[in-house]
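Spelled out, the chains give:
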Amino acid sequence: LDHGDGYRSFYSHLSLTHVQVGERVVQGQKIGLVGRTGLATGPHLHFEIRREGRQIDPLAEIPKEVWEKQLAPALEPGDNGSEMEGYVWPLQGDLNQGYSISHPALDISQHEGTPVRAMAAGRVTLAAEDAQNGIHVLLAHRDGLTSFYSHLSLAHVEGGEWVTKGQEIGLVGDTGVSTGPHLHLQVRRHGEPINPLDLLPLPHWGE
């Protein structure tokens, strides 16, 4: 869908579409049905938003009240809410660059091929590759929280998949605009970047 102002949204793996090229739609209109067509591991919606041709975090564009009332309850399968209690480091390594206004993320250096794990249980909302971030994975958690892992050499998950806390989601790499093998970790709450160190336990690596 082309929304104007440089915004476009993309919906894939549908079982059926209810619209045609050139048709105008209104907000909330049914445009199709969830399916498992194409390269899909199961029924799910792969959803992307692009601004001026660049992929952006869809959760940053969804109002907080919509996320809390409509999307968040759908993230949690069964009774796995306890997995959100506490967060784990995605990997151990040297903190090459910390969180700041100009760099709202952590850069953790480690050998290429080192496993990268999910900070918390959540849904894979994006597993893709682009020139800037290289191979990357975006996870949506409860309470409007998302975690983003980029410059991977390989992703082990696909869009729509549920992952558990500590599950391996990919491997450290040097893809995209990168100065060497490392993990670029970004966390957002309701679309606003926050310092991952505010969530993660103090590291005791090497003990």
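A. Structural context of the overall build of the chain. When helices and strands are tallied, the chain shows 1 helix and 16 strands. The buried share of the chain, taken over its 207 residues, is 40%. Taking the contacts inside the chain whose residues are at least 6 apart along the sequence as the reference set, 59% of them involve residues at least 24 apart. By element, 50% of the accessible surface of the chain is carried by carbon and sulfur atoms, the whole surface being about 11,600 Å².

B. Region of interest: the nonpolar core. Counting 26 residues, the largest nonpolar core has Met119, Leu139, Tyr149 and Ile169 as its most contacted members. Every element with two or more residues in this core is listed here: strand E8 (106–109), strand E11 (134–140), strand E12 (145–155), strand E14 (168–172) and strand E15 (182–189).

C. Inspection of the side chain of histidine 46 at higher detail. Within the fold, histidine 46 resides in strand E5 (residues 46–51). Engagement of the side chain of histidine 46 in a polar contact is seen with the side chain of glutamate 48, the distance being 2.8 Å. In contact with histidine 46, not counting residues within four places along its chain, are Phe10, Tyr11, Ser12, His13 and Leu126.

D. Molecular detail of the environment of leucine 1. On the secondary structure map, leucine 1 appears in the segment before strand E1 (2–4). Using a relative accessible area of 36% as the deciding quantity, one classes leucine 1 as partly exposed. Counting along the chain gives 10 residues from leucine 1 to tyrosine 11, while the straight-line C-alpha distance between them is 8.5 Å. Apart from residues no more than four positions distant in its own chain, leucine 1 is found in contact with Tyr7, Arg8, Ser9, Tyr11, Val25 and Ile31.

E. Seen up close, the packing of aromatic side chains. One pass over the full model with this rule turns up 1 aromatic pair. The interplanar angle of 35° and the centroid separation of 5.2 Å between the aromatic rings of tyrosine 11 and phenylalanine 47 together place this pair among those described as tilted. Note that tyrosine 11 is positioned in strand E2 (residues 7–12) and phenylalanine 47 in strand E5, a separation of 36 residues in sequence. Overall, the relative accessible area of 28% leaves tyrosine 11 in the partly exposed class. For phenylalanine 47, a relative accessible area of 23% gives the class partly exposed.

F. Looking closely at the side chain of serine 12. Structurally, the position occupied by serine 12 is in strand E2. With a relative accessible area of 13%, serine 12 lands in the buried category. Ignoring sequence-local partners within four residues, the contact set of serine 12 consists of His44, Leu45 and His46.

G. Structural view of the sheet that holds E5. Sheet architecture is open: 4 strands sit in the order E1-E2-E5-E6, paired in antiparallel fashion. The sheet terminates laterally at E1 and strand E6 (54–56), the two strands that pair on one side only. This sheet shows a mean twist of 30° between the axes of neighbouring strands, independent of strand direction. Pairing geometry for E2 and E5, over 6 bridges, is antiparallel. Bridge pairing links serine 12 to histidine 46 in E5.

Cut-off values and rules
- The residue count restarts for each chain, going from 1 along the sequence in the order it is written.
- Totals for whole chains, interfaces and linings use all residues, but because this is a predicted model, local features are given only for residues with pLDDT of at least 70 and pairs of side-chain atoms are given and counted only at 80 or more.
- Side-chain numbers come from the whole structure's heavy atoms, not from hydrogens or water.
- We count a stretch as a helix when DSSP gives it H or I for four or more residues in a row; a strand needs E for two or more, and each element gets its number in order from the N terminus.
- Remark: exposure states derive from per-residue accessible area (1.4 Å probe, protein chains only) relative to the maximum for the residue type, with buried under 20%, exposed over 50%, and partly exposed in between.
- In what follows, a contact means two residues having at least one pair of non-hydrogen atoms within 4.5 Å.
- Each accessible area is a Shrake-Rupley result for a 1.4 Å probe, and residues are judged covered by the shown protein chains and nothing else.
- We define a nonpolar core as any set of buried Ala, Val, Leu, Ile, Met, Phe, Trp, Tyr and Cys residues linked to one another through side-chain atoms lying within 4.5 Å.
- Think of a polar contact as two N or O atoms within 3.5 Å of one another; within protein, one of them needs to be a possible hydrogen donor and the other a possible acceptor, and neighboring residues in sequence only count if both atoms come from side chains.
- Stacked, tilted and edge-to-face pairs are distinguished by plane angle, under 30 degrees for stacked and over 60 for edge-to-face with tilted covering the rest, among Phe, Tyr and Trp rings (Trp via its six-membered ring) whose centres lie within 6.5 Å.
- In short, DSSP must find at least two bridges between two strands for them to pair.
- Note on method: axes are straight lines fitted to C-alpha atoms, helices fitted across the in-contact stretch only, with angles between N-to-C directions ranging 0 to 180 degrees.

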